[in-house]
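Descriptive structure summary
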Number of protein chains: 2
Amino acid sequence: MEVEPLYGGIEAGGTKFICAIGSGPDDIRAEERFPTTSPAETIGRAVAFFRRWQEAGGPALSAIGIASFGPLDADPASPTFGYITVPPKPGWANTDFAGAVQRALNLPAAFDTDVNAAALAEWRWGAGRGLHTLVYLTVGTGIGGGAIVHGRLLHGLAHPEMGHMRIPHDRERDPFPGVCPYHGDCLEGLAAGPALEARWGQPAESLPPDHPAWELEANYLALGLMNLVYALAPQRIILGGGVMEQSHLFPRIRQKLLQLFKGYVANPALLQDMERYILPPALGQRAGVLGAIALAQQTHLSGGK
Amino acid sequence: MEVEPLYGGIEAGGTKFICAIGSGPDDIRAEERFPTTSPAETIGRAVAFFRRWQEAGGPALSAIGIASFGPLDADPASPTFGYITVPPKPGWANTDFAGAVQRALNLPAAFDTDVNAAALAEWRWGAGRGLHTLVYLTVGTGIGGGAIVHGRLLHGLAHPEMGHMRIPHDRERDPFPGVCPYHGDCLEGLAAGPALEARWGQPAESLPPDHPAWELEANYLALGLMNLVYALAPQRIILGGGVMEQSHLFPRIRQKLLQLFKGYVANPALLQDMERYILPPALGQRAGVLGAIALAQQTHLSGGK
């Protein structure tokens, strides 16, 4: 009987790291979490976690996956592959994250954004199983998206920045100027958690379901999804992140999107099946660290490429 | 010496068909064009063109590619693969185009939209050579887009409809409501040729380069491209179609796009290299029929899949 390869995963967030060892959602053998401090200390603790496993004689790991905050360089052909580049997080600029892990553990290290990793995990084990093309969008303190196209994570010229698409903004209905420091009223500037809080003067999670904030929010998110459908033709869209924990948003978004399409889609079956088209993630909070393991698995199965 | 396989291509437009035999832009051995009339007559003339080649003892064709007006079904797993579905063109609804060609000639028939075929041809032989991810957008009587992702035409849930993305529309600056029968002021509704003609009361090609129409046009197209960059992260964008024959639009669009990004892109090299990022097609008017040949080649090389 062939033994299933085992992987290490690091979910590197701006406030905490989660490290795990396993092969998938039903097989996590060890896990540890700790706060994000300096690169040397935090990466050092991650490396120490995997070293303890190795020294205790646990089954060998085949690769490590890193699902990281960014911005970062995930292009294996780039001289700065594996680096966190110019993050808002102090002290982390130009950190050779993947290189440090790879050298310390002598294992291949896969490296990608947290949202790409979550997209991969949902495709591999969650709400996107069996599809070849999907979008995963997270709506929280920012809006970020990852896509699987033809069964692979979309990496073109770097990675997508779906939250920064421009959408119609009716300033008579909503004079709020948006909070994106770059674009003002892009999708993220109008619809991420901080935009809700700034527009309504209270945190998004404290707004009741019948507050007019949510009609407006559903409208903006539906406009963003409409553009993603017309640009990428995904077979499914998975919506995660803190704002989407307001589950009443799902039916509102589906309804708005139907209205916006006005019947015009290349595959009419979509219009009859919106409940299976726009979905919450199946892996929930675990998508990040499972995404890291999925990155490791993908690198291992493709022979390190 | 191995003989290069030879293919047939049919560019099926709403007003004319172009049929060709060859293996690429430098090797077209025969070509014929005729007006688009009824399906039976027009497909019959295309079949007759290839039959004459076969009966004259020309080198055998390995496959036929069809680059067609639509809407159409290009999903090989669908029971109506190869059909033109519900086109505006009278008489062509539910036409089994690829099936008719395949049965008459006893050759594999590839089938896709004209814009997807043009994207494939530009990637194979034109302005997108050597890239793995690109967008081809045509701006003419409509706006349509095709994408190559990871070296394959993007087919998710059917094909993209990039022209129907929604963008900001400042009605104080431009009160024109848009001409899209479905969405009014989507990108196509604001920026395709008929929108220019309806807004300014004269055909787009008669508007002089210093007419304010072009600043507005460049602005709308740049907003659409911004969304495509953030959704798909293409390595290059090729802009074709009748409206883009106004070559002064290219520098305007590049400049507007730079302004819209506000420095925010995942790959900063893009900002330094806009002249290589936004380009006209290299194959020009020939992209359609060469795209049909590229479709045939792709089907042949992938073993008919």
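Residues numbered from 1 in each chain as written. Chains lettered and ligands numbered in written order. Predicted model: local features only at pLDDT ≥ 70, side-chain atom pairs only at ≥ 80, totals over all residues. Heavy atoms only, no water.

Moving on: the sheet that holds strand β4 (residues 61-68) of chain A. All names here are of chain A. The mixed open sheet is built from 5 strands, whose spatial order is β3-β2-β1-β4-β7. Lying at the two open borders of the sheet, with one neighbouring strand each, are β3 (27-35) and β7 (109-113). Neighbour-to-neighbour, the strand axes of the sheet open up by a mean angle of 15 degrees, direction not taken into account. One ladder, built from 8 bridges, connects strand β2 (residues 16-24) with β3; its direction is antiparallel. By the bridge assignment for β3, Ala-20 is matched with Glu-31. Helix-sheet contacts for helix α3 (residues 114-125) involve β2, β4 and β7, and the interaxial angle to β7 is about 105 degrees. Taken strand by strand, helix α10 (residues 287-301) contacts β1 (6-12), β2, β3, β4 and β7, and its axis lies near 135 degrees from that of β1. (Pairing = 2+ DSSP bridges. Helix = DSSP H or I, 4+ residues; strand = E, 2+ residues; numbered from the N terminus. Axes fitted to C-alpha atoms, helices over the stretch in contact; angles between N-to-C directions. Contact = heavy atoms within 4.5 Å.)

As a further point, take the interface of chain B and chain A. Contact with chain B, which involves 40 residues of that partner, is made by 40 residues of chain A. Between chain B and chain A, the buried area comes to about 3,800 Å², and carbon and sulfur atoms account for 65% of it. Between the two partners, chain B and chain A, sit 0 salt bridges. Along the contact surface separating chain B from chain A lie 18 residue pairs in polar contact (both at pLDDT 80 or more). (Buried area = accessible area lost by both parts, 1.4 Å probe. Salt bridge = Lys/Arg side-chain N within 4 Å of Asp/Glu carboxyl O. Polar contact = N/O pair within 3.5 Å; in protein donor to acceptor, adjacent residues only side chain to side chain.)

Attention now moves to the domain arrangement of chain A. Residues and elements named next belong to chain A. One can read the domain layout of chain A as domain 1 (6-116 + 285-301) and domain 2 (127-280). Between domain 1 and domain 2, the C-alpha centre-to-centre distance is 28 Å. Between domain 1 and domain 2, the contact holds 8 residues from the first and 11 residues from the second. Between domain 1 and domain 2, roughly 690 Å² of surface is buried when both sides are summed, and carbon and sulfur atoms account for 55% of that area. One can count 2 residue pairs in polar contact (both at pLDDT 80 or more) joining domain 1 with domain 2. (Domains from an automatic or database assignment.)

Now for the nonpolar core. With 96 residues, the main nonpolar core has Leu232(A) and Leu232(B) as its most contacted residues. Dropping the residues within four chain positions of it, Leu232(A) is found in contact with Thr133(A), Val135(A), Val149(A), Leu154(A), Met162(A), Leu154(B), Ala231(B) and Leu232(B). (Core = buried A, V, L, I, M, F, W, Y, C linked by side-chain atoms within 4.5 Å. Buried < 20%, exposed > 50% of the residue type's maximum accessible area, 1.4 Å probe, protein only.)

Quick look at the packing of helix α1 (residues 39-55) of chain A against helix α2 (residues 97-105) of chain A now. All names here are of chain A. Taken N-terminus to C-terminus, the directions of α1 and α2 make an angle of 30 degrees; their axes are 10 Å apart at the nearest point. With respect to α2, the axis of α1 lies roughly parallel. Note on packing geometry: the crossing formed by α1 with α2 is right-handed. Together, Ile-43, Val-47, Phe-50, Arg-51 and Gln-54 of α1 and Phe-97, Ala-100, Val-101, Ala-104 and Leu-105 of α2 make up the contact between the two elements. Split into classes, the residues belonging to the contact of α1 with α2 amount to 8 nonpolar, 1 polar and 1 charged. (Parallel < 35°, antiparallel > 145°, perpendicular 65-115°, else oblique. Left-handed = near helix turned anticlockwise from the far one by under 90°. Nonpolar A, V, L, I, M, F, W, Y, C, P; charged D, E, K, R; others polar.)

Here the focus is the packing of aromatic side chains. Within the structure shown, the criterion is met by 21 aromatic pairs over all chains. On the basis of an interplanar angle of 75 degrees and a centroid distance of 5.0 Å, the ring pair of Phe49(B) and Phe50(B) is categorised as edge-to-face. Residue class for Phe49(B) comes out buried when judged on its relative accessible area of 7%. Here a set of aromatic residues connected by ring pairs shows up, and it is made of Phe17(A), Phe34(A), Phe69(A), Phe81(A), Trp92(A), Phe97(A) and Phe111(A). (Phe/Tyr/Trp six-rings, centres within 6.5 Å; stacked < 30°, edge-to-face > 60°.)

The next point concerns the pattern of salt bridges. Residues and elements named next belong to chain A. By the definition in use, this model includes 20 salt bridges over all chains. Here Lys-256 makes a salt bridge to Glu-215, at a shortest N to O gap of 3.3 Å. With Lys-256 in helix α7 (residues 249-261) and Glu-215 in helix α6 (residues 212-232), this pair connects stretches of sequence that are 41 residues apart. You can call Lys-256 buried: its relative accessible area is 17%. Glu-215 gets classed as partly exposed once you look at its relative accessible area, which sits at 32%.

What follows concerns the pairing of strand β11 (residues 236-240) of chain B. Residues and elements named next belong to chain B. Within β11, 5 of the 5 residues are buried, leaving the element largely enclosed by the surrounding structure. Note: strand β8 (residues 134-139) against β11, 5 bridges, orientation parallel. Along β11, the bridge assignment pairs Leu-137 with Leu-239. In the sheet, β11 pairs with strand β12 (residues 278-279) via 2 bridges, with the strands oriented parallel. In the strand pairing of β12, Ile-238 is matched with Leu-279.

When chain B is brought onto chain A, the operation consists of a screw motion whose angular component is 180 degrees and whose axial shift is 0.0 Å, with 0.0 Å RMSD remaining. Taken together, the turn and the small shift mark the pair as related by a two-fold rotation axis. In terms of C-alpha distance to the rotation axis, chain B has Pro168(B) as its closest residue, with the C-alpha 2.0 Å off the axis. The share of interface residues of chain B whose copies in chain A are also at the interface is 100%, consistent with both copies meeting through the same surface. (Least-squares fit on C-alpha atoms with pLDDT ≥ 70 in both.)

Attention now moves to helix α3 (residues 114-125) of chain B. Residue and element names in this part refer to chain B. Taking 1.5 Å of rise per residue, 12 residues should cover 16 Å, and α3 covers 16 Å from first to last C-alpha, within 8% of that figure. Most of α3 is tucked away, with 9 of its 12 residues classed as buried. Within the span of α3, buried status applies to Val-115, Asn-116, Ala-117, Ala-118, Ala-119, Leu-120, Ala-121, Glu-122 and Trp-125. (Expected span 1.5 Å × (residues − 1).)

Before going further, it helps to examine the pairing of strand β9 (residues 143-149) of chain B. Residue and element names in this part refer to chain B. Most of β9 is tucked away, with 7 of its 7 residues classed as buried. Pairing of β8 with β9 involves 6 bridges; the strand directions are antiparallel. Residue pairing in the sheet places Tyr-136 in a bridge with Gly-146 of β9. Following β8, the chain reverses through 3 residues before pairing antiparallel with β9. Judged from the 2 bridges that link them, β9 and strand β10 (residues 152-153) form a sheet pairing that is antiparallel.

Residue pairs three or four apart in sequence face the same way in an α-helix, which turns once every 3.6 residues. All names here are of chain B. In this model helix α6 (residues 212-232) runs 30 Å from its N-terminal to its C-terminal C-alpha over 21 residues, within 8% of the 30 Å that 1.5 Å per residue would give. The buried count for α6 comes to 19 of 21 residues, which makes it a mostly enclosed element. Ala-233 occupies a position one or two residues after α6 and carries a positive phi of about 50 degrees.

Let's shift gears to the sheet that holds strand β2 (residues 16-24) of chain B. By way of backbone hydrogen bonds, the strands of a sheet pair with one another, either parallel or antiparallel. All names here are of chain B. On the basis of which strands lie adjacent, the open sheet formed by 5 strands has the order β3-β2-β1-β4-β7 and mixed pairing. A strand with exactly one partner marks an edge of an open sheet, and here the two such strands are β3 (27-35) and β7 (109-113). Each adjacent strand pair in this sheet contributes to an overall mean axis angle of 15 degrees, direction not counted. Taken strand by strand, helix α1 (residues 39-55) contacts β1 (6-12), β2, β3 and β4 (61-68), and its axis lies near 150 degrees from that of β3.

Residues and elements named next belong to chain B. Assignment of secondary structure puts Glu-188 in helix α4 (residues 187-191). Within the buried set, Glu-188 has no salt-bridge partner at all; the shortest N-O distance to an opposite charge, 13 Å, is to Arg-166. Contact partners of Glu-188, with chain neighbours within four places excluded, come to Gly-142, Ile-143, Gly-163, His-164 and Ala-195. (Lys, Arg positive; Asp, Glu negative; His and termini not counted.)

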